[in-house]
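The lines below spell out each chain.
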Amino acid sequence: MVALGAVCQVLSGVGFALVVSPLVMLALGHEAGLRTVLILSAVLNLSVIARMPGQVRRPDVVRLLVPAALVIPPMLLLSDLLRGTALNLVAGLSILAATAVSIAGRPLPFFERPGGAVVAGGVSGALNVLAGASGPPVALFAMSRGWPPAQMSATLQAFGLPLNVLTLIAVGLPSGSEWAEMGGAGLGLVVGMALSLPFVHRVSPVLVRRVTLGIAVLGGLTLLGAAWP
């Protein structure tokens, strides 16, 4: 599943966390699964930033990151209060909501206003804590602002990297046994990226995006199914 998520991300620019989070959380539990997704997402963030550092819109990264970071503590408190089945329910709904935003993919005039960055960053930070999927709200913000594709990709990864690190610190670093389990996930990430890179300009990103979002819907429904009494 991690390899598939990496393929989706490289070929379409979206989908790693949406594809990977639900089943990883079911397999490892919410906290361990969230930590795994955050670490793997940070690796992907770095790989994109390294390829296009000059495309990062640094002021926009700060504008989005501040509200995202501020919502981490209250969302962690909510996670602690929910736990177990209820937390799976909220995580599943979060994945489905984030996927719906990605499927819609329509610019919203609201995000062109001064408060647009606050809302996009705040919702993104909340989704990152609940489901490890921070991308859709800020992607919609960038689309509404008309950022060029290269700037959009680089800037959102530059936003995601510190957000993933901050969320990981707040949730807590992995234990020794969790690091061992991440070895296989890390290998899947590397394999998925290696397999997909030769096909970046040969496969339709629109087709991959549709398949990716379909898988994300199934993952979100799987989390909801696990939470259903």
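One numbering rule holds for all chains: residues counted from 1, following each sequence as written. Local features in a predicted model are, by the rule used here, given only for residues with pLDDT of at least 70; side-chain atom pairs are given and counted only at 80 or more, and totals for whole chains, interfaces and linings are based on all residues. To obtain the side-chain values, all non-hydrogen atoms of the structure were included, while hydrogens and water were left out.

For helices the rule is a DSSP run of H or I covering at least 4 residues; for strands it is a run of E covering at least 2, with both sets numbered from the N terminus onward. Within the chain one finds 11 helices and 0 strands. Seen in sequence order, the chain has helices and strands lined up from the N terminus as α-α-α-α-α-α-α-α-α-α-α. Counting only residues that meet the buried cut, the chain has 49% of its 229 residues in that class. Whether two residues are in contact is decided by their heavy atoms, any of which lying within 4.5 Å being enough. Counted over contacts in the chain with a minimum sequence separation of 6, partners at least 24 positions apart contribute 83%. Accessible area of the chain: about 10,400 Å², with a carbon and sulfur share of 72%. Only protein chains enter the accessibility calculation, which uses a 1.4 Å probe. A residue is then buried if its area is under 20% of the maximum for its type, exposed if over 50%, and partly exposed in between. Here the open area of atoms and residues is found with the Shrake-Rupley method and a 1.4 Å probe, where only the protein chains shown may cover a residue.

Each nonpolar core is a collection of buried residues, namely Ala, Val, Leu, Ile, Met, Phe, Trp, Tyr and Cys, held together in the definition by side-chain atoms within 4.5 Å. By size, the foremost hydrophobic cluster in this structure holds 39 residues, and its most contacted members are L64, F141, W147, L156 and F159. With 18 residues, the next largest nonpolar core counts F16, L44, L127 and M193 among its residues.

Turning next to the packing of helix 6 (residues 84-104) against helix 7 (residues 116-131). Remark: helix 6 packs on helix 7, axes separated minimally by 9 Å, with the N-to-C direction vectors making an angle of 135°. Overall, the two elements helix 6 and helix 7 adopt an arrangement that is oblique. Considering the relative orientation of helix 6 and helix 7, their crossing is left-handed. Note on element contacts: helix 7 touches helix 6 through L127, L130 and A131, opposite L87, V90, A91, S94, I95 and A98. Split into classes, the residues belonging to the contact of helix 6 with helix 7 amount to 8 nonpolar, 1 polar and no charged. To obtain each axis, a line is fitted to C-alpha atoms, and for helices this fit is confined to the stretch in contact; angles are then taken between N-to-C directions over 0 to 180 degrees. For classification purposes, an angle smaller than 35 degrees is called roughly parallel, one larger than 145 roughly antiparallel, one from 65 to 115 roughly perpendicular, and anything else oblique. Note: crossing handedness is left-handed where the near helix turns anticlockwise from the far helix by less than a right angle, and right-handed where it turns clockwise. For this scheme, ten residues count as nonpolar: Ala, Val, Leu, Ile, Met, Phe, Trp, Tyr, Cys and Pro. Four count as charged, namely Asp, Glu, Lys and Arg, and the remainder, Gly too, count as polar.

Another aspect to go through is the pattern of salt bridges. One side-chain nitrogen of Lys or Arg within 4 Å of one carboxyl oxygen of Asp or Glu is enough to make a salt bridge. Under the counting rule described, the total for this entry stands at 3 salt bridges. Linking D60 and R63 is a salt bridge whose minimum nitrogen-to-oxygen distance equals 2.6 Å. Of this pair, D60 and R63 both sit in helix 4 (residues 58-70), 3 residues apart, which is roughly one turn of that helix. Residue class for D60 comes out buried when judged on its relative accessible area of 9%. One continuous salt-bridge network, built from bridges that share partners, spans R57, D60 and R63.

This part takes up the environment of L28. Counting through the fold element by element, L28 comes out in helix 2 (residues 16-28). Take L28: its relative accessible area is 35%, and that puts it in the partly exposed class. Taking the C-alpha atoms as reference points, L28 and E178, 150 residues apart in sequence, are found 9.1 Å from one another.

Next up on the list: the environment of F111. Inspection of the secondary structure puts F111 in the loop between helix 6 and helix 7. Separated by 34 residues in sequence, F111 and R145 place their C-alpha atoms 7.2 Å apart. Not counting the four nearest positions on each side in its chain, F111 is found in contact with G116, V119, A120, P137, L140, F141, S144 and R145.

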